[in-house]
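Here's the letter readout for the chains.
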Amino acid sequence: RLTHVDAAEILDSRGAPTVSVSVTDGSGRRFVAGVPAGASTGSREAVEVRDGDLDRFGGRGVTTAVRNVQTEIRDLLTSREWSDLQQVDRALCRLDGTPNKSRLGANAIVGVSMAAARAFARDASVPLYRFLSPDDTQPCLPVPHFNVLNGGAHADNGLAFQEFMIAPLGATDYSEGLRWGAEVYAALRSELRRAGLSSGLGDEGGFAPAIDDPLEACGLLVGAVESAGLSVGRDGVCIAIDPAANGFHDGDTYEVAGQRLSSSDLVDLYADLVDAFPIWSIEDGCAEGDDDGWKLLTERLGNSVQIVGDDIFVTDAETIAAAADAGVANAALIKVNQIGTVSETSAALAVCRDRGFAAMISHRSGETPDAFIADLAVASGCGQLKSGAPARGERVSKYNRLLEIAASEPSFGYGCLS
Ligand code: PGA
Ligand code: ZN
């Protein structure tokens, strides 16, 4: 039984307002959740409620969402006993009444769902990663994907591609993977300084030098891995990219480093990058609506590279299932606030398992120190997590939570390549 539900307006890692939720159980224990926020969002994402009052935070305040938690949602959740999280999440969706959570706000609902998950885990006397793990799943520590070069909507440089990540696929365990990430990040900072490039940071803690060529970006990463004394490739450190192609798509062309590219030119560019560099995963390589581009990308590179859908799937189980039928992508990015409840996120992960899709759990570019997704990544057994650079509190809270889990569960495996 939940005896109290409350919320507050706090700041996220970009200094923008976001929602913090707390629920209190019958023993007086309080469980808190912080809600993340994206900058490069899919058009079909669950909708945040923002105040629109231009006198506060440029209209981005969340006092309406907070009040929705303190009134209707509190009344609902404290009115009865709840048997499980699915029941709570279904009731939240029903109370909202819209298909995209736009009445009460996905930012209100997802915070309540996350805090309630923590209350249920405590009630069952298990850690969150056990509570969230389905019966047919073996939990494991994910390969951390460190976004060390930022572009697109996350930085003001001319780099069209949003994220260049390093993935320590070949580490023997999670803590070694984390150390490799931090060592490559430090080596990259030195590389940039040597090249006379800025080591200022983008929203996810990666560097944001004034470069525009994705080949140059990948070259910098390989240089950093080597100068950190690590091996390049699947037995060492690989590269994963999230171009977030919605961000440089206009009409039916893409603009990369001053060049206008058709979808097939863009797929050629990815093929060149994959030939030249140890790229193991490409996320949102094409834009929403460019169905032909997505199919071409999957056909050309899907056998050798993980092709991840983020903005096109928005963590929606049915959309992922339809894509599997249509031959679009072979993996899904999973973001709890993109769909708006923990149960619906679990449903999306279940579809991935059923359809042979890989899955990568993800933070948002606007984050709080809440490490919920670290537990979710372990629980899902998907073996992959992206949480930005191995720097800045809101990013490392997730990586450090994984260290804690790894230490308390020495039998859990590491990674996604079996
Ligand atoms: P966002 O970006 O959190 O700004 O939406 C993350 C991503 O595209 O993966
Ligand atoms: Zn993305």
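Residues numbered from 1 in each chain as written. Chains lettered and ligands numbered in written order. Predicted model: local features only at pLDDT ≥ 70, side-chain atom pairs only at ≥ 80, totals over all residues. Heavy atoms only, no water.

(A) Structural detail: the packing of helix α9 (residues 317-326) against helix α11 (residues 342-355). Two elements in contact, α9 and α11, have axes separated by 8 Å at closest approach and are oriented at 20°. Relative to α11, α9 is oriented roughly parallel. The element α9 and its partner α11 pack so that their crossing is right-handed. On the side of α9, the interface is formed by Ala317, Ile320, Ala321, Ala324 and Asp325, while α11 contributes Ala347, Ala348, Val351, Cys352 and Arg355. Of the residues that constitute the contact of α9 with α11, the class distribution is eight nonpolar, no polar and two charged. (Axes fitted to C-alpha atoms, helices over the stretch in contact; angles between N-to-C directions. Helix = DSSP H or I, 4+ residues; strand = E, 2+ residues; numbered from the N terminus. Parallel < 35°, antiparallel > 145°, perpendicular 65-115°, else oblique. Left-handed = near helix turned anticlockwise from the far one by under 90°. Contact = heavy atoms within 4.5 Å. Nonpolar A, V, L, I, M, F, W, Y, C, P; charged D, E, K, R; others polar.)

(B) Layout of the packing of aromatic side chains. Under the defined criterion, the tally for this structure stands at nine aromatic pairs. An angle of 5° between the planes, with centres 6.3 Å apart, marks the rings of Phe120 and Phe131 as stacked. With Phe120 in helix α3 (residues 106-123) and Phe131 in helix α4 (residues 128-131), this pair connects stretches of sequence that are eleven residues apart. You can call Phe120 buried: its relative accessible area is 14%. Of the residues examined, Phe131 reaches a relative accessible area of 27% and is grouped as partly exposed. (Phe/Tyr/Trp six-rings, centres within 6.5 Å; stacked < 30°, edge-to-face > 60°. Buried < 20%, exposed > 50% of the residue type's maximum accessible area, 1.4 Å probe, protein only.)

(C) The arrangement of the sheet that holds strand β15 (residues 384-386) in detail. Taken together, eight strands build a closed barrel; the order of strands is β5-β6-β7-β11-β12-β13-β14-β15 and the barrel is mixed. Sheet twist, expressed as the mean angle between neighbouring strand axes with direction ignored, is 30°. The pairing of strand β5 (residues 143-150) with β15 spans three bridges and is classified as parallel. The residue bridging Pro144 from the neighbouring strand is Leu385, located in β15. Each of β11 (279-283) and β12 (306-309) touches helix α8 (residues 291-301); the most contacted strand, β12, lies at about 155° to it. (Pairing = 2+ DSSP bridges.)

(D) Region of the structure containing the UniProt feature "domain: Enolase N-terminal" (unreviewed entry) in the chain. Under the present numbering, the feature "domain: Enolase N-terminal" (unreviewed entry) in UniProt falls on residues 2-132. Helix makes up 37% of residues 2-132 and strand 18%, whereas the separation of the span's terminal C-alpha atoms amounts to 19 Å. (UniProt positions renumbered as here; feature names shortened; annotations may be inferred.)

(E) Expanded view of the pairing of β11. Judged by how many residues are buried, β11 sits mostly within the fold: five of five residues are covered. Direction of pairing for strand β7 (residues 238-242) relative to β11: parallel, over a ladder of three bridges. When the bridges of β11 are listed, Ile241 appears paired with Ile282. As judged from the three bridges shared by β11 and β12, these two strands associate in the parallel manner.

(F) Main features of the side chain of Glu367. In this structure, Glu367 sits in the loop between β14 (358-362) and α12 (372-380). Ignoring any residue separated from it by four or fewer positions in sequence, one finds Glu367 in contact with Asp12, Ser13, Pro36, Glu394, Arg395 and Lys398.

(G) Up close: the nonpolar core. Of all hydrophobic cores here, the largest spans 132 residues; its most connected members are Phe161 and Tyr270. The element best represented in this core is α3, accounting for eleven residues. The residues touching Phe161, leaving out its near neighbours within four places in the chain, are Gly151, Gly152, Pro214, Ile241, Asp242, Pro243, Phe248, Val256, Leu269, Tyr270 and Leu273. (Core = buried A, V, L, I, M, F, W, Y, C linked by side-chain atoms within 4.5 Å.)

(H) Spotlight on the site of ligand 1. Within the structure, ligand 1 sits among 14 residues, and Ala39, His154, Arg364, Ser365 and Lys386 are positioned closest to it. Arg364 places a polar side-chain atom, nitrogen or oxygen, 2.6 Å from an oxygen atom of ligand 1. Here Ser365 contributes a side-chain N or O atom positioned 2.6 Å from an oxygen atom of ligand 1. When ligand 1 sits alone it has 280 Å² of accessible area, and the protein chains cover 100% of it. Class assignment of the residues belonging to the shell around ligand 1 gives a composition of two nonpolar, five polar and seven charged. (Near = heavy atom within 4 Å. Polar contact = N/O pair within 3.5 Å; in protein donor to acceptor, adjacent residues only side chain to side chain. Areas by Shrake-Rupley, 256 points an atom, 1.4 Å probe, with all protein chains shown as cover.)

(I) Looking closely at the coordination of the zinc ion (ligand 2). Coordination sphere of the zinc ion (ligand 2), protein contribution only: Asp242 (OD), Glu283 (OE) and Asp310 (OD), at 2.1 to 2.2 Å. Of the residues examined, Asp310 reaches a relative accessible area of 2% and is grouped as buried. (Donors = N, O, S within 2.8 Å, 3.2 Å for Na, K, Ca; no water.)

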